[in-house]
Amino acid sequence: MDQTLPLSALQHYLYCPRQCALIHVEKVWEENRFTAEGRLLHLRADSGATGRRGGIAEDRSVPLRSDRLGLYGVADVVELRPGPDGRERPYPVEYKRGSPKVEDWDRVQLCAQAMCLEEMLGVTIPEGAIFYGKPRRRERVVFEKVLRVLVEKACGDMHAMIEGGEVPPAEVGKRCRGCSLAGACMPGASARVESYLLKGLE
Amino acid sequence: MKKLLNTLYVTSQGTYLSKDGECVVVRTEDGEKHRFPVHVLDGIVCFGNVLCSPFLLGHCGEAGLAVSFLTERGRFLAGVRGPQSGNVLLRRAQYRLADDPVESARLARAVIAAKVANSRAVLRRCLRDHGDRVHAAAIGRAVSVLDDCAGRLRMPVDMDEARGMEGRAAAAYFEVFGHMILAEDPAFAFGGRNRRPPLDAVNCLLSFVYTLLAHDVRSALEAVGIDPQVGFLHRDRPGRPGLALDLMEEFRPFLADRLVLSLINRAEVRGRGFVRKESGAVFMDDDTRKVVLTAWQKRKQDEVMHPYLKERLPLGLAFHIQARLMARAVRGDLDGYPPFFWK
Ligand code: SF4
């Protein structure tokens, strides 16, 4: 892998590979309400370095990196929970503005964070949690084998796409409606240009 | 969909622009202060002696705002662009196409097709609205020349033919352009296109509006990461924004020319708003320039139906859409460049 990519790229890739390519190959970026609010929520999580919550020590805004996955990023919160051997074990917690989704995206992303931590610290991390803003609820995520395979595969495919400088064509679907890059993507731009030109010249 | 934002045009000499938080602070020489939040702007255009603090320039760059410096009369001097724009893969693809005569001719044909069709639409609209007040026969003759060009452009053409068609269409169109001017004022007599410097009020208006158009088109191209210098129809010449000129062609007739015509015909600009210099060059005074800037800004808010995407959008966004479609065509995602046909 020539380059490391931010963890958010993985999230975009899972949502829509074209969206990921628009951002990382074409370098388009459009802020909309959702990304702005997402940033605010993150700012809040960023507000301190370390602290304690209900007797559990936590680190906030923890830098992450994995050479194997080619990813870097920041974990919102990493709690330090006692493991079975009595030693403290990292437990990543991600904050999401929205509600839990049927798809695996958020879990894959959290698992990728855990895999980064594992590589950096030489530990095994069996689980973490996602905090959803709507409803305000914490969801446990177990980093099982299938999830880890999904992370590896998605990272490999994503890097191949971006290093190839490839922007896959739009696959118009339901997700386009909630897509912050629809303006740049123009999923509707597919009509044949030649017949359009002939019509314009009539 | 991207939002249409405002462009801040600064024409008062000696104005100082600086940054305060997320705002642009505009301080005129007499001490007056205005503030504009950066997120409502898509660009700043400074005419003449206008100063900008480096922090403001940096902030604009980061926020993707184009800042341009023009002479007081509107000649482009320099632009400040942030670090984000510029996708090297897209630019490489663009340079490869520009080196390929067949591909260049294909793109040039699309650009000329829209210019011809849109010029013809402007003439037809004039015949429809003012057929009884204009020299209809002459305009009709120009329409048939454009019809002929349009017919020939229905087939692929090589670059020489494309340029030939461009020249023929422009000559026919500007020959009757003066007929579309309904104002009695002799200051607005039009004898043909001239520039650098413009020798009459109409040419002065046309040149100025083309400058505004060039600024917007160029910023749109830069925002999508394509090189505004390397064109297909307009070949490389140092300092010339070839691709911006290409992309401008389709907008000239219905956006720029019609704006000039309506400013004159509705008497929003007057002959006395123009000054003739010893050299014969004609310039507009400050008030006239403000009228034109306001009209330009207002025109960009008008909603149109995009003929290719079939979406309604403010005209000012059409530059960005066309720049993206051009990038799409350059990358080969589309089977050609779909220009903006005005109906
Ligand atoms: S608009 Fe649809 S196809 Fe385009 S990037 Fe967004 S989700 Fe993907």
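Small disclaimer: the values here were computed from a predicted structure and weren't measured. (Residues numbered from 1 in each chain as written. Chains lettered and ligands numbered in written order. Predicted model: local features only at pLDDT ≥ 70, side-chain atom pairs only at ≥ 80, totals over all residues. Heavy atoms only, no water.)

Enquirer: Looking at this model, I keep getting lost on the overall build of chain A. Mind explaining?
Expert: Along the backbone of chain A there are seven helices and seven strands. In sequence order, the secondary structure elements of chain A are arranged as β-α-α-α-β-β-β-β-α-β-β-α-α-α. Taking all 202 residues of chain A together, the buried fraction comes to 46%. Taking the contacts inside chain A whose residues are at least 6 apart along the sequence as the reference set, 61% of them involve residues at least 24 apart. By element, 54% of the accessible surface of chain A is carried by carbon and sulfur atoms, the whole surface being about 10,600 Å². (Helix = DSSP H or I, 4+ residues; strand = E, 2+ residues; numbered from the N terminus. Buried < 20%, exposed > 50% of the residue type's maximum accessible area, 1.4 Å probe, protein only. Contact = heavy atoms within 4.5 Å. Areas by Shrake-Rupley, 256 points an atom, 1.4 Å probe, with all protein chains shown as cover.)

Enquirer: Would you mind going over the sheet that holds strand β7 (residues 66–70) of chain B with me for this structure?
Expert: Picture the strands of a sheet paired through backbone hydrogen bonds; they go either parallel or antiparallel. Residues and elements named next belong to chain B. Across the sheet, four strands lie side by side as β1-β5-β7-β8; this open sheet has mixed pairing. The sheet is open, and its two borders are formed by β1 (6–10) and β8 (76–80), each paired with just one other strand. For this sheet, the mean inter-axis angle between neighbouring strands, taken without regard to orientation, is 15°. Relative to β8, β7 is paired through four bridges, and the arrangement is antiparallel. Pairing of S68 across the sheet is with G79, part of β8. (Pairing = 2+ DSSP bridges. Axes fitted to C-alpha atoms, helices over the stretch in contact; angles between N-to-C directions.)

Enquirer: Is there a simple way to think about the pattern of salt bridges in this case?
Expert: Here the idea is simple: oppositely charged side chains can pair when their charged atoms come close. All names here are of chain B. Across all of its chains, the model carries 28 salt bridges over all chains by this definition. The closest approach of N and O atoms between D227 and R91, which form a salt bridge, is 3.9 Å. Of this pair, D227 sits in the loop between α6 (201–223) and α7 (242–249) while R91 is found in helix α2 (residues 88–99), placing the two residues 136 residues apart along the sequence. On the accessibility criterion, D227 (9% relative accessible area) is buried. Among the ionic contacts, a cluster of salt bridges with common partners joins K115, E166, E249 and R252. (Salt bridge = Lys/Arg side-chain N within 4 Å of Asp/Glu carboxyl O.)

Enquirer: Help me understand the domain arrangement of chain A, please; the structure alone is not making it clear to me.
Expert: Note: interface size is frequently given as the accessible area lost on complex formation between the parts. Residues and elements named next belong to chain A. Parsing chain A into structural domains produces domain 1 (5–169) and domain 2 (170–202). Each partner contributes residues to the interface: domain 1 has 12 residues there, and domain 2 has 10 residues. When residues in the side of domain 1 that touches domain 2 are grouped by element, the largest group, five residues, is from helix α2 (residues 17–24). Classifying every residue of the side of domain 1 that touches domain 2 by side-chain character gives eight nonpolar, two polar and two charged. (Domains from an automatic or database assignment. Nonpolar A, V, L, I, M, F, W, Y, C, P; charged D, E, K, R; others polar.)

Enquirer: What is the right way to look at the site of the ligand in this model?
Expert: Near the ligand you find C16, Q19, A170, E171, R175, C176, C179, A182, C185 and P187 of chain A, and these make up its full shell. Of the residues in the shell around the ligand, the class split is seven nonpolar, one polar and two charged. (Near = heavy atom within 4 Å.)

Enquirer: Mind showing me how you'd approach the environment of K19 of chain B here?
Expert: Residues and elements named next belong to chain B. Structurally, the position occupied by K19 is in strand β2 (residues 16–20). Residue K19 is classed as partly exposed on the basis of its relative accessible area of 35%. Sequence separation between K19 and P37 is 18 residues, and the spatial gap between their C-alpha atoms is 9.7 Å. When sequence neighbours within four positions are dropped, the list of residues in contact with K19 reads S53, F55, L56 and H59. From its side chain, K19 meets the backbone oxygen of G21 in a polar contact 3.0 Å long. (Polar contact = N/O pair within 3.5 Å; in protein donor to acceptor, adjacent residues only side chain to side chain.)

Enquirer: It is not clear to me how the environment of D160 of chain B should be interpreted in this structure. Could you clarify?
Expert: Within the fold, D160 of chain B resides in helix α5 (residues 159–177). C-alpha of D160 of chain B to C-alpha of V304 of chain B: the two residues are 144 residues apart in sequence and 33 Å apart in space.

Enquirer: Just to check I follow, could you spell out the packing of aromatic side chains for this structure?
Expert: The description of an aromatic ring pair rests on the distance of the ring centres and on the angle between the ring planes. With the rule as written, the count across this model stands at 14 aromatic pairs over all chains. Centre to centre, the rings of F47 of chain B and F208 of chain B are 5.8 Å apart; their planes meet at 40°, and the pair counts as tilted. Here the residue F47 of chain B occupies a position in strand β5 (residues 41–47), and F208 of chain B occupies one in helix α6, the gap between them amounting to 161 residues. Given the relative accessible area of 0%, F47 of chain B is considered buried. Taken together through their ring pairs, the aromatic side chains of F251, F254, W296, F319, F340 and W342 of chain B make up a single cluster. Directly above the aromatic system of Y91 of chain A lies the positively charged group of R81 of chain A, at a separation of 4.0 Å from the ring centroid. One cation-aromatic arrangement involves R252 of chain B over Y210 of chain B; the distance from NZ or CZ to the ring centre is 4.6 Å. (Phe/Tyr/Trp six-rings, centres within 6.5 Å; stacked < 30°, edge-to-face > 60°. Lys NZ or Arg CZ within 6 Å of the ring centre and 35° of its normal.)

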